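Now for the letters of each chain:
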Amino acid sequence: MDKDKVIYFDNNATTRTAPEVADAMMPYFSDLYGNPSSMHFFGGQIGRVLEKAREQVAAFLNCRADEILFTSCASESDNTALFGSAAWYGKDMKVITSAVEHPAILQPARRLKAMGHAEVELKVDSVGQPDLDQLREELKGTRNALVSVMWANNETGTIMPVEEIAAIAKAAGAIVHTDAVQAAGKIPLDMQKVPVDMLSISGHKFHAPKGVGVLFVRRGTKVKPFLVGGHQENARRAGTENVPYIVGLAKACELAQANMENENTILARLRDKLEAGLLASCPDTIVNGDRAHRLPNTLNVSFEYIEGEAIVYHLSDLGICVSTGSACASGSLDPSHVIRAMGVPFVALHGSTRFSLSRYNTEEEIDYALAEIPKVIKHLRDLSPFGPGKNVTTF
Ligand code: PLP
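Residues numbered from 1 in each chain as written. Predicted model: local features only at pLDDT ≥ 70, side-chain atom pairs only at ≥ 80, totals over all residues. Heavy atoms only, no water.

1. Here's the deal with unusual backbone geometry
And then number 1: A positive phi is found at Asn 234, a non-glycine position, where the angle reads about 60°.
And then number 2: Considering the arrangement of structural elements, one finds Asn 234 in helix α7 (residues 232-235).
And then number 3: Phi at Asp 284 is positive, roughly 55°, even though this residue is not glycine.
And then number 4: By secondary structure assignment, the location of Asp 284 is in the loop between α8 (243-281) and β9 (285-288).
And then number 5: Judged by its relative accessible area of 36%, Asp 284 falls in the partly exposed class. (Helix = DSSP H or I, 4+ residues; strand = E, 2+ residues; numbered from the N terminus. Buried < 20%, exposed > 50% of the residue type's maximum accessible area, 1.4 Å probe, protein only.)

Below you can see the structure in the form of structure tokens.
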């Protein structure tokens, strides 16, 4: 393995922009710079490009083009779904999310609580699946409820039963949003099959650049704009559209749609090889998440008795990029709220490490990782005062 090579196993944090995507974007940085809202021909042609991109994204989600709202990122999409619904329904809206949501949902939900709305975070079980009996209970007697449960978890890859959640919520008259950021490009998202009212995705998680997202808003959904000002996006989101990035996002949707099945088979095989190899070579290692319902690219393991941060830094020295907790939560030494909510044993809480693959990873990289990681884990365990055979058997 080339010693300067980057082995990037952190694709749930962000992905490489696909070369096809970068190529598609280029003209809109230079010659084709018109404003899509302008009335003259120069802007008008860009307006048509924007609408074509909207149609491509709609094809990806199997919905109507006028149900696609372009945003600056999924955090904006998530904030719009929650604050935009609350702005419509007023103070008596109840927000129901899950304990393992991304901060882009949890923080707006908690802010709504501080503003006087009822807010509940559903418990999850040991593999990260939300408690649907609690959901049914919390929906009883509600007038205006918004249920927002993620399609797939960013840390563990656990895929939630969004179709069932939406059916339960709709039967109780609630509005349903799902953060599908980690699901997009990895599993099919079909808005004709899954009756959610709103759904968020982010370009940079599936090979478009950072700084562009989508909020799907089903026709008839009552949601007020989060960004106000101009009349862009059919008066639902102010701000001149980021045309090059939107074109890139549409291209990324097209690529994902064309290659998903094939890529998933390859990714799952590489991920499973990594998982089996690590479990075989590193004792006291557990897999976090729902192995029966999991994104094909994601593996989250806890190496017991050692710290995730130390693992990340040691692997980084070898050119291997992984993460502990979510990318957005790193910088804090607290164990991940996701792993904690799943009730993972204390000795394993701090050593959770996420490997997330993409179409650009290779078997050679997996082999290199499997040769190096067990040495790092052994080294860190030798240094650790904790663990079996040590004076201190727990943190
Ligand atoms: N939701 C989930 C599940 C995520 O993983 C992320 C990014 O890590 C976000 C939302 C935020 O996405 P963005 O970076 O586009 O704001």
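2. Comments concerning the domain arrangement of the chain
And then number 1: Splitting the chain by domain gives domain 1 (7-15 + 260-383) and domain 2 (19-255).
And then number 2: Measuring from the centre of the C-alpha atoms in domain 1 to the corresponding centre in domain 2 gives 28 Å.
And then number 3: Regarding the contact of domain 1 and domain 2, the summed buried area is about 2700 Å², with carbon and sulfur atoms giving 54% of it.
And then number 4: Summed over the shared surface of domain 1 and domain 2, the result is zero salt bridges.
And then number 5: Where domain 1 touches domain 2, the interface holds 19 residue pairs in polar contact (both at pLDDT 80 or more). (Domains from an automatic or database assignment. Buried area = accessible area lost by both parts, 1.4 Å probe. Salt bridge = Lys/Arg side-chain N within 4 Å of Asp/Glu carboxyl O. Polar contact = N/O pair within 3.5 Å; in protein donor to acceptor, adjacent residues only side chain to side chain.)

3. Things to note about the environment of Ser 37
And then number 1: With respect to the helices, strands and loops of the structure, Ser 37 is situated in the loop between α1 (19-25) and α2 (41-61).
And then number 2: Look at Ser 37 and you get partly exposed, because its relative accessible area is 47%.
And then number 3: On a C-alpha basis, the gap between Ser 37 and Glu 233 in space is 9.7 Å, while along the polypeptide they are 196 residues apart.

4. Let's talk about the packing of aromatic side chains
Remark: the centre distance and the inter-plane angle together describe each pair of aromatic rings, the angle taken between the planes.
And then number 1: Applying the stated criterion across every chain yields a total of six aromatic pairs.
And then number 2: Ring plane angle 70° and centroid distance 4.9 Å describe the contact between Tyr 33 and Phe 42, whose orientation is recorded as edge-to-face.
And then number 3: Residue classification places Phe 42 among the partly exposed positions, given a relative accessible area of 23%.
And then number 4: Aromatic pair Phe 41 and Phe 42: ring centres 6.2 Å apart, planes at 75°, arrangement edge-to-face.
And then number 5: Connected via pairs of aromatic rings, a cluster forms that spans Tyr 33, Phe 41 and Phe 42.
And then number 6: The aromatic ring of Tyr 360 is capped on one face by Arg 16, whose charged end is 5.3 Å from the ring centroid. (Phe/Tyr/Trp six-rings, centres within 6.5 Å; stacked < 30°, edge-to-face > 60°. Lys NZ or Arg CZ within 6 Å of the ring centre and 35° of its normal.)

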